[in-house]
Amino acid sequence: MDQLLDLALFNSALRVLTPILLAALGGALCARAGLFNVGLEGLMLIGAFTAIVGNHYFSNTALAILFAIACVSIFSLLFAYLSIHLQANVIVVGIAMNFLALGLTTFSLRTIFHVKGAYHNKEMIGLPKWELPLIKDIPVVGDILSGQSPLVYLALVLAGLLWYYFYRTIGGFRFLAAGGNPLAARSIGIRVRRYQYGAVLACGVLCALAGAQLSLGQVTMFTEGMTAGRGFIALVAMMLGQSGPLGVVASSALFGLMDSFSIRLQGLSLPSHFTQMVPYAVTIVAMFFFKDKGFLKDAQSSGSSSR
């Protein structure tokens, strides 16, 4: 048992949960604005690929992340224009974005890098690992928190800032009103579409950071379909967390821990096909305990949510 549960497992879980948490926070923003965004998987995949492309051309991780944010923001604007301005069904648009991202990244991988399946350059530098000066000396806490990439700490800070924005600012109250009851919000002068566009763009930024953490933070490479369903797990984490930042952090931590646990099980000579099923099996089990029907109604009426 000591080989399965130790501080290294929780340190790994914190690193693994970060892409899920960032994407789930983006999904929560869209959900609070009245848009059920199922395109998180595609946006994460584009973010992961463009972060590698940016690192390849600029040889700088900061510029690579900015490049990923810019590229994903373009796709987010496309999603926003179709679902908000043209009133297309957001479920259909989100699924289309996922397939578009999968095909586009596969094609671009072969066009830009002239390889199939995966691209790796041993000279490419990934995100740095920060050793926190004071926290690293604290027993247990330092072993878990210290030595992570900057995006890990940024994800936790953003979760706290998002909670503060939702429940402690006037702008946050207006944002929640715009998504909760668009008609009533318009009657008091709130520009609903402005908040919805802002939510989708912010979701794109968060998904770009999630993808960058996957391709530059956890590994320094890109493989076709490397998100491997993490966008859908983030969607479930968002639903389990009731689109609340603190709830999203808790549910993301659960899935991150299970993902790290599945990797640890491979060291016990268990078949990898079974160990890789663990986080997805937990996702299915979690849905049995999800009894909030509000999201079902939102999904059914999402095509007319911005009217």
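On a predicted model such as this, the values are computed, not experimentally measured, just so you know.

Draft legend 1. Fine view of the packing of helix α3 (residues 61-85) against helix α4 (residues 90-112). Relative to each other, α3 and α4 sit at 150°, their axes nearing to 10 Å. As judged from the angle between their axes, α3 and α4 are roughly antiparallel. Considering the relative orientation of α3 and α4, their crossing is right-handed. Along the contact surface, α3 presents F75, L78, F79, L82 and S83, while α4 presents V90, V93, G94, M97, L100 and L104. Among the residues making up the contact of α3 with α4, the classes are represented as nine nonpolar, two polar and no charged.

Draft legend 2. Quick look at the UniProt feature "transmembrane region" (unreviewed entry) in the protein. The UniProt record marks residues 12-31, 38-58, 64-84, 91-113, 150-167, 195-212, 232-258 and 270-290 with the feature "transmembrane region" (unreviewed entry), using the residue numbering of this structure. End C-alpha atoms of residues 64-84 are separated by 29 Å, and the span's content is 100% helix alongside 0% strand. The annotated region residues 91-113 carries 96% helix and 0% strand content, and the separation between its end C-alpha atoms amounts to 33 Å.

Draft legend 3. Region of interest: the packing of helix α2 (residues 40-58) against helix α9 (residues 192-218). Orientation of α2 relative to α9, taken along the N-to-C sense of each, is 60°, at an axis distance of 7 Å. Between α2 and α9, the interaxial angle falls into the category oblique. In terms of crossing hand, the pair formed by α2 and α9 is right-handed. Packed against α2, whose contacting residues are L40, L43, M44, G47, A48, A51, I52 and N55, the element α9 presents C203, C207, A208, A210, G211, A212, L214, S215 and L216 at the interface. Here the contact of α2 with α9 is composed, by residue class, of 13 nonpolar, four polar and no charged.

Draft legend 4. Structural view of the layout of surface pockets. When its volume is computed, the largest pocket comes out at roughly 440 Å³. Around the largest pocket sit 18 residues that line it, and Q218, M226, R230, D259 and I263 are the ones nearest its centre. Secondary-structure elements contributing two or more residues to the lining of the largest pocket are α1 (7-32), α9, β2 (221-223), α11 (245-265) and α13 (278-288). When its residues are assigned to classes, the lining of the largest pocket shows nine nonpolar, six polar and three charged.

Draft legend 5. Local environment of unusual backbone geometry. Not every positive phi belongs to a glycine, and H114 is a case in point at roughly 60°. Positionally, H114 belongs in the loop between α4 and β1 (118-120). Here H114 falls in the exposed class, since its relative accessible area comes to 66%. Even without being a glycine, Q242 presents a positive backbone phi close to 55°. Structurally, the position occupied by Q242 is in the loop between α10 (230-240) and α11.

Draft legend 6. Quick look at α9. Helix length check: α9, at 27 residues, gives a terminal C-alpha distance of 38 Å against a target of 39 Å (1.5 Å per residue), a fit within 8%. The sharpest bend along α9 measures roughly 30° and falls at A212.

Draft legend 7. Region of the structure containing the environment of C207. Topologically, C207 is positioned in helix α9. Separated by 86 residues in the primary sequence, C207 and N121 place their C-alpha atoms 24 Å from one another. Not counting residues up to four positions away in its chain, the partners in contact with C207 are A23, L40, L43 and M44.

Draft legend 8. Examining the state of the cysteines more closely. The final tally for this structure, using the stated rule, is zero disulfides. Counting only cysteine sulfurs, C203 is the nearest neighbor of C30, a cysteine outside any disulfide, at a range of 3.9 Å. For C203, a relative accessible area of 0% translates into the label buried.

Draft legend 9. Representation of the nonpolar core in the model. Counting 79 residues, the largest nonpolar core has F222, M238 and F255 as the members making the most contacts within it. The dominant element in this core, judged by the number of residues it contributes, is α1, at 12 residues.

Draft legend 10. Looking closely at α2. Between its terminal C-alpha atoms α2 stretches 26 Å, which fits the 27 Å expected from 19 residues at 1.5 Å a residue. In the segment just after α2, S59 is the residue with positive phi, at about 55°.

Draft legend 11. Fine view of the environment of L109. By secondary structure assignment, the location of L109 is in helix α4. Measuring from C-alpha to C-alpha, the distance between L109 and F49 comes to 8.2 Å, with 60 residues separating the pair along the chain.

Draft legend 12. Summary view of the pattern of salt bridges. By the definition in use, this model includes two salt bridges. Residues R110 and E224 are paired through a salt bridge, measuring 3.8 Å at the closest nitrogen-oxygen approach. One end of the pair, R110, is in helix α4; the other, E224, is in the loop between β2 and α10, and 114 residues separate them in sequence. According to the relative accessible area criterion, R110 is partly exposed, its value standing at 40%.

Cut-off values and rules
- Residue positions are given per chain, counting from 1 as you read along its sequence in written order.
- With the structure being a predicted model, the display of local features is reserved for residues of pLDDT at least 70 and the display and counting of side-chain atom pairs for 80 or more, all residues being used for whole-chain, interface and lining totals.
- Calculation of side-chain values draws on the structure's entire complement of heavy atoms; hydrogens and water are dropped beforehand.
- Note on definitions: angles span 0 to 180 degrees between N-to-C directions of axes, and those axes are lines fitted to C-alpha atoms, for helices only across the stretch in contact.
- A run of H or I in DSSP counts as a helix once it spans at least four residues, and a run of E counts as a strand once it spans at least two, with each numbered from the N terminus.
- Oblique is the label for every angle not falling under 35 degrees (roughly parallel), over 145 degrees (roughly antiparallel), or within 65 to 115 degrees (roughly perpendicular).
- A crossing counts as left-handed when the near helix is turned anticlockwise from the far one by less than a right angle, and as right-handed when that turn is clockwise.
- Whether two residues are in contact is decided by their heavy atoms: any pair within 4.5 Å suffices.
- Residues were grouped as follows: Ala, Val, Leu, Ile, Met, Phe, Trp, Tyr, Cys and Pro as nonpolar; Asp, Glu, Lys and Arg as charged; and all remaining residues, including Gly, as polar.
- UniProt positions are given in the numbering used here, feature names are shortened, and annotations may be inferred rather than shown by experiment.
- Definitions used for this entry: grid spacing 1 Å over protein atoms alone; cavity, a set of points where a 1.4 Å probe fits but cannot get out; pocket, an open set with protein on both sides within 12 Å along at least 5 of 7 lines; lining residue, one with an atom within 4 Å of a point.
- Grid points are joined across faces, edges and corners, and a volume is the space filled by probe spheres set on the points.
- Accessible area is worked out with a 1.4 Å probe on protein chains only. A residue is then buried under 20% of its type maximum, exposed over 50%, and partly exposed in between.
- The span one expects for a helix is its residue count, reduced by one, times 1.5 Å.
- Bend is the name given here to the angle between axes fitted to two runs of seven residues, the run ending at a residue and the run starting at it.
- Cysteine sulfur atoms are paired as a disulfide whenever they fall within 2.5 Å.
- Definition used in this section: a nonpolar core is a set of buried Ala, Val, Leu, Ile, Met, Phe, Trp, Tyr and Cys residues joined via side-chain atoms within 4.5 Å.
- Criterion for a salt bridge: a side-chain nitrogen of Lys or Arg within 4 Å of a carboxyl oxygen of Asp or Glu.

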